[in-house]
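Tertiary structure, described
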Amino acid sequence: MKNSKNELIADYVIVGAGSAGCVLAGRLSEDPNCSVILIEAGGSDKNLIVQMPSAFYLPMQSKTLNWGYVAEPEPNICLLYTSPSPRD
């Protein structure tokens, strides 16, 4: 929906159109009284590496497919281990 100033207005804004984001947006949009905005920053999934289940680790190593965020170590969990995490 847009208001009189041509601004988008929604009851829910979902960031991330992965499997969970799409399911959530789909469920929420089943209610005709709710408006939902779904935002996705990722690119196309037409890359073979993205579609091939046995290559699941390859996109995480790619600078074109991974945003490059690194998770910070958590106290008392996997001490001294830092893992690249594209979802943080």
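All of the points below concern the structure found in this document. Quantities reported herein were computed from a predicted structural model and do not represent experimental measurements.

Moving on, we get to unusual backbone geometry. Here the phi dihedral of Asn6 falls at roughly 65°; this positive angle occurs in a residue that is not glycine. By the element assignment, Asn6 lies in the segment before strand S1 (12-15).

Turning next to the environment of Val36. Its location among the elements puts Val36 in strand S2 (residues 36-39). Val36 gets classed as partly exposed once you look at its relative accessible area, which sits at 25%.

You can see Ser35 is positioned in the loop between helix H1 (19-29) and S2. Each residue touching Ser35, except ones within four places of it in the same chain, is listed here: Ile9, Ala10, Asp11 and Tyr12.

A surface patch of nonpolar side chains, about 290 Å² in accessible area, is lined by Val13, Val15 and Ile39. Along the chain, Val15 turns up in strand S1.

Now for the side chain of Asn66. Relative to the helices and strands, Asn66 is located in the segment after helix H3 (58-61). With a relative accessible area of 10%, Asn66 lands in the buried category. Within the local environment of Asn66, its side chain forms a polar contact with the backbone nitrogen of Gly68, the two atoms lying 2.8 Å apart.

As a further point, take H1. Each turn of an α-helix holds 3.6 residues, which means side chains three or four residues apart point in the same direction. Here H1 has its buried residues at Gly21, Ala25 and Leu28. On an axial view of H1, the arc spanned by its buried residues comes to 70°, and they lie on one face. The exposed set on the far side of H1, more than 90 degrees from its buried face, consists of Ser19, Ala20 and Arg27. Those residues of H1 hidden inside the fold are in contact with S1 and S2.

Further remarks concern the pairing of S2. Two strands pair when backbone bridges link them, and S1 and S2 are joined in this way by four bridges, in the parallel orientation. Bridged to Ile14 within S2 is Leu38. In this fold, S1 hands off to H1, which returns the chain to S2; that crossover is right-handed.

Thresholds, definitions, all that
Residues numbered from 1 in each chain as written. Predicted model: local features only at pLDDT ≥ 70, side-chain atom pairs only at ≥ 80, totals over all residues. Heavy atoms only, no water. Helix = DSSP H or I, 4+ residues; strand = E, 2+ residues; numbered from the N terminus. Buried < 20%, exposed > 50% of the residue type's maximum accessible area, 1.4 Å probe, protein only. Contact = heavy atoms within 4.5 Å. Patch = residues over 30% accessible without salt bridge, like charges linked within 9 Å, V, L, I, M, F, W, Y side chains within 5 Å. Areas by Shrake-Rupley, 256 points an atom, 1.4 Å probe, with all protein chains shown as cover. Salt bridge = Lys/Arg side-chain N within 4 Å of Asp/Glu carboxyl O. Polar contact = N/O pair within 3.5 Å; in protein donor to acceptor, adjacent residues only side chain to side chain. Arc of directions from axis to C-beta. Pairing = 2+ DSSP bridges. Right-handed = clockwise from strand over helix to strand, strands pointing away.

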